[in-house]
Structures are given as C-alpha cells and as structure tokens.
Amino acid sequence: MDIIGLSILKGIISFFAHPLTYITLIGAFILGLSRVKRDRRDFHTRVHDALDDVAFAIVPGIIAGAAFMVANLFLGITLPFSSTVALSIAAFLLLVTGQIRFLSPAFTFILPVVAAIFYTPIDFGSEQINSIQDGIGSSSMIAIVLLVGILVIMEGILISRNAVRQTSPRLVESKRGKLVGGHEVQRVWLIPLFLFLPIGNVEAFSWWPLLHFGEQTYSFLLIPLPIGFQKLIHHALPVPELKRNGRQVLLLGISAVAIGLVSYVMNSHWLALITLGIVVIMRATILLLHRGKNKAAYFNERNEGLVILGILPESPADQMNLQVGEVISKVNGIPLGKGTDFYTALQRNAAHCKLEVLDFNGEVRFVQKALYHNEHHELGLLFVKEHRLHNIEEAQ
C-alpha cells in the first residue's frame, strides 16, 4: 500500500508540475478577456466577467477528470510516457495558436498515433531526453481508441451540459453586409487525465486491471489535458443547437468505445487504427455541419418586435425571467419594430414597465415590473439595431 500511495502522490505532483496546467488556465483567462473586450466594442458594457472562463475551465474539468479516474481505476488503460509527451505537445500547439475548435481528443491524439507508427527515436546526446522517447512505438492502438472514445464522450457531455451556460452575444456582419446577432461559445476545460504507465512498482492483481495491454506492473500519472470548444451560432437559438451538437459528439464517443471493445476482444490493432481514423473524420464532419453559414440569421431586425439577443446578469430584465430569443412586441402598449425606439416606448411610464412578449412557441405573455429611479436606463436587454452605436440599452 505504501508503494501505491507513493505512486499516486507522484502522479498528483506531476499534474501541478506540468506547464500545460498553467498554460491552459492562462489561455482560458485570455479567452475571457477577449470576450469582455468584444462585449464592450459591440454593446458598450461587459456581459460576463473574464474570470468566469477560468471557473468553467476548472470546476467541470475536475468533475470530468474524477469520473474518468474512477472508470480507469478498473479498466487500467495504459500509455507509455512518450505518448503522453506527444499528446501534451499537440494540445499545447493547438492552445497557443488559438485553434480552440480543434482542441478535441479526436484531434489531439493524432500526433501520438502518428508518432507511434512513424517516429524513429533520435539520439540527442542526453540520456534524459533520449529516455522520453522510450516506448513510443509500443503504444497500443486499442488502448488509444478506447481512451479517445471515453474522452470524446466526456467532450459531448461538457458541450451539452456546460457550453450552454453563459453563451456570449455578438454582433456579426452577414454576407449582405447587414448587422445581425449571434451567440458564441469559446471554452476550454482542464481535464486531470489519470493514466497508467506500463512501467512501475504497482503489480497487477488477478482481477485488475479489467483490460490488459501487455504489462503487469504499473505507475500512476496525472497529466493536464485541455479540451476546447468554439462555436458561433447565428441561425438558431444557442441552447438547443449546442445540446444537439453535444449529443452528436456523445454518440460518436459511444460508437468509438463500442468498436474499441470489439477490437480488444478480437485483438485487432488494425480495426482500432481504422476506428481512430473514422473518429477524426466524423468529428471534423460535425464541425462542418454546425457552421450554419448558409442559413438565415435568427437574431436580426424584424418589421414587428425586437428579438432579445442578450440579457445582462442580475439586471431588471434578468429578474423579469425574460429569455434570449424571445421577441418583445410591445412596451407599455406601444408596438415595436423598425423605426421604433425601445426607450422611447419605455419612457411612456417611467415608474412601471409592461412588456408584451412572444415566447418560443409564438404565444403571447405579459411581463411587468415596477422601476426605480433611473432603472429604466439599466433594464439590461441587448438587441440588434442597424447602427452599432445604438444596439444596446445602456447598462452602465
């Protein structure tokens, strides 16, 4: 037990000593800063705090990493240390170049797979550096496809459960040069990836691990694995679209695990390798399917009513339970549309606000709220207007 405890402690230390841990958190913070800068450019106010992106990187990532650790404690999926180095290099390159949409396990594992097949160790004149290359060609394709499948499942869950929170409103220019609204998600999750190295002092038992990849002694390793997601949605409501995206990624991961188990039973590394190729192609296909470039914009100016593009947190509009995507058709009895200013209608009764709202089913509901001194200037609703300088109700 002392050997196991010491090995686990070394694995935990390796996570906090890994530079990718801190690079990922810095990257999440930079994404938050860029989002705040864009909010101020488009709407003259901040919608969400920059530190929210860091919180989203840590908390869901730890939960996902803990779930994977529990699963892998029984499965015993192993990777040589050299493969984890290749994985970290791939994740680092995608992160620092800002290619967040490609920071999926389906893509980051391409480099370890290619290295396992084609890389020939080089003598760098340093025993320590040379030792990092040890075992690069011994990576099990079956272990990798199972690992990729499980991580893609986690990616799908994170998209459908976490990416739907705090989507960021944006103003974008359509192909016709018209200003339309959209919602963007740029998120990085930091996953503590718990793996077994096929060299160590921890001996296998008769019942463990459930899956064997040719080794009988192990050591533990905890490495940071960033999983990223980026998506701009202007043709649909953000939450249903993101949930649909997440379900497709989840189904891809489940399929990869199922075929990976078949390849394990058959001991077919070729089937595992083909499956990895299919996962890459299908994940790229999902990216292309969700671009929505040729679809009509959902958040645009209408002849009747104003579409809610965004709602500032803890604002009066937030307290009124208004929803992004709903249409405000009347304010204090005054119909809204092109040429009608929201605040002009709101000033009709400075002490009370009564809105006629069309929900997602086209049904009318009425929302009202007493307004305090100057609160009518801070209702907290974001709209799309023709002129960029007038596309927000000021919420200073």
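How each quantity is defined
Residues numbered from 1 in each chain as written. Predicted model: local features only at pLDDT ≥ 70, side-chain atom pairs only at ≥ 80, totals over all residues. Heavy atoms only, no water. Helix = DSSP H or I, 4+ residues; strand = E, 2+ residues; numbered from the N terminus. Buried < 20%, exposed > 50% of the residue type's maximum accessible area, 1.4 Å probe, protein only. Contact = heavy atoms within 4.5 Å. Areas by Shrake-Rupley, 256 points an atom, 1.4 Å probe, with all protein chains shown as cover. Axes fitted to C-alpha atoms, helices over the stretch in contact; angles between N-to-C directions. Parallel < 35°, antiparallel > 145°, perpendicular 65-115°, else oblique. Nonpolar A, V, L, I, M, F, W, Y, C, P; charged D, E, K, R; others polar. Lys, Arg positive; Asp, Glu negative; His and termini not counted. Salt bridge = Lys/Arg side-chain N within 4 Å of Asp/Glu carboxyl O. Polar contact = N/O pair within 3.5 Å; in protein donor to acceptor, adjacent residues only side chain to side chain. 1 Å grid on protein atoms, 1.4 Å probe; cavity = no way out; pocket = protein on both sides within 12 Å on 5 of 7 lines; lining within 4 Å. Points joined across faces, edges and corners; volume = space filled by probe spheres on them. Phe/Tyr/Trp six-rings, centres within 6.5 Å; stacked < 30°, edge-to-face > 60°. Lys NZ or Arg CZ within 6 Å of the ring centre and 35° of its normal. Patch = residues over 30% accessible without salt bridge, like charges linked within 9 Å, V, L, I, M, F, W, Y side chains within 5 Å.

### Focus: the overall build of the protein chain
On a plain count of helices and strands, the protein chain comes out with 12 helices and 10 strands. Looking at the protein chain as a whole, 52% of its 396 residues qualify as buried. Contacts spanning at least 24 positions in sequence make up 72% of the contacts within the protein chain whose residues lie at least 6 apart. Surface summary for the protein chain: the accessible area is close to 19,100 Å², and the carbon and sulfur share equals 63%.

### Focus on the packing of helix α9 (residues 238–266) against helix α10 (residues 269–289)
Orientation of α9 relative to α10, taken along the N-to-C sense of each, is 175°, at an axis distance of 9 Å. Taken together, the axes of α9 and α10 are roughly antiparallel relative to one another. On α10, the residues that touch N245, Q248, V249, L252, A256, I259, V262, S263 and M266 of α9 are L271, A272, T275, V279, M282, R283 and I286. Residues belonging to the contact of α9 with α10 are distributed by class as follows: 11 nonpolar, 4 polar and 1 charged.

### Overview of the side chain of R187
Within the fold, R187 resides in strand β2 (residues 179–203). Here R187 sits buried without a salt bridge, and the closest side chain of opposite charge, D53, lies 5.4 Å off (N-O distance). Polar side-chain contacts of R187 include one of 2.7 Å to the backbone oxygen of N162. Ignoring anything within four residues of it in the chain, the contact list for R187 reads F56, I100, N162, A163, R165, Q166, I227, G228 and F229.

### Looking at the pattern of salt bridges
Enumeration over the complete set of coordinates arrives at 10 salt bridges. Between R35 and D39 there is a salt bridge, with its nearest N and O atoms 3.9 Å apart. Of this pair, R35 and D39 both sit in helix α2 (residues 19–43), 4 residues apart, which is roughly one turn of the helix. For D39, a relative accessible area of 0% puts it in the buried group. The salt bridge partner of R35 is D53, with a shortest N-O separation of 2.5 Å. Residue R35 is found in helix α2, and its partner D53 is found in helix α3 (residues 51–75); the two are separated by 18 residues along the sequence. Of the two residues examined, R35 and D53, each falls in the buried class. Among the ionic contacts, a cluster of salt bridges with common partners joins R35, D39 and D53.

### Quick look at empty space enclosed by the protein
Within the structure shown, the criterion is met by 3 cavities of 30 Å³ or more. The calculated volume of the largest cavity comes to roughly 80 Å³. Together, L31, R35, R38, D53, Q166, S168, E184, V185, Q186 and R187 line the largest cavity. Breaking the lining of the largest cavity down by element, the ones donating at least two residues are α2 and β2. Looking at which element gives the most residues to the lining of the largest cavity, the answer is β2, with 4 residues. A breakdown of the residues in the lining of the largest cavity according to their chemical character gives 2 nonpolar, 3 polar and 5 charged.

### Details of the layout of surface pockets
Considering only enclosed or pocket space, the second largest pocket measures out at about 490 Å³ in volume. As for the second largest pocket, its lining consists of 20 residues, and the residues nearest its centre are V164, Q166, T167, Q323 and V324. Sorting elements by how many residues they give to the lining of the second largest pocket places α9 first, with 3 residues.

### Some words on the packing of aromatic side chains
The full count for this structure, using the stated rule, is 6 aromatic pairs. Centroid distance F194 to F220: 5.6 Å. Interplanar angle 25°. Geometry classified as stacked. On the criterion of sequence distance, the pair formed by F194 in strand β2 and F220 in strand β3 (residues 217–233) is long-range, its members being 26 residues apart. Across the pair, F220 and F194 agree in class, each one buried. With a centroid separation of 5.1 Å and 70° between ring planes, the pair formed by Y298 and F299 is classed as edge-to-face. A relative accessible area of 22% places Y298 in the partly exposed class. Note on F299: relative accessible area 1%, which makes it buried. Members of the aromatic cluster, connected to one another through ring pairs, are F194, F196 and F220. Against the face of F56 rests R187, its NZ or CZ located 4.1 Å from the ring centre. The ring centre of F366 lies 5.4 Å from the NZ or CZ of K354, which sits over that ring.

### Some words on a nonpolar patch on the surface
Where nonpolar side chains cluster on the molecular surface, the patch consists of I12, F16, Y22, I26 and I30 and spans about 500 Å² of accessible area. Secondary structure elements with two or more residues in the nonpolar patch: α1 (2–17) and α2. No other element matches the 3 residues that α2 contributes to the nonpolar patch. Position of I12 among the secondary structure elements: in helix α1.

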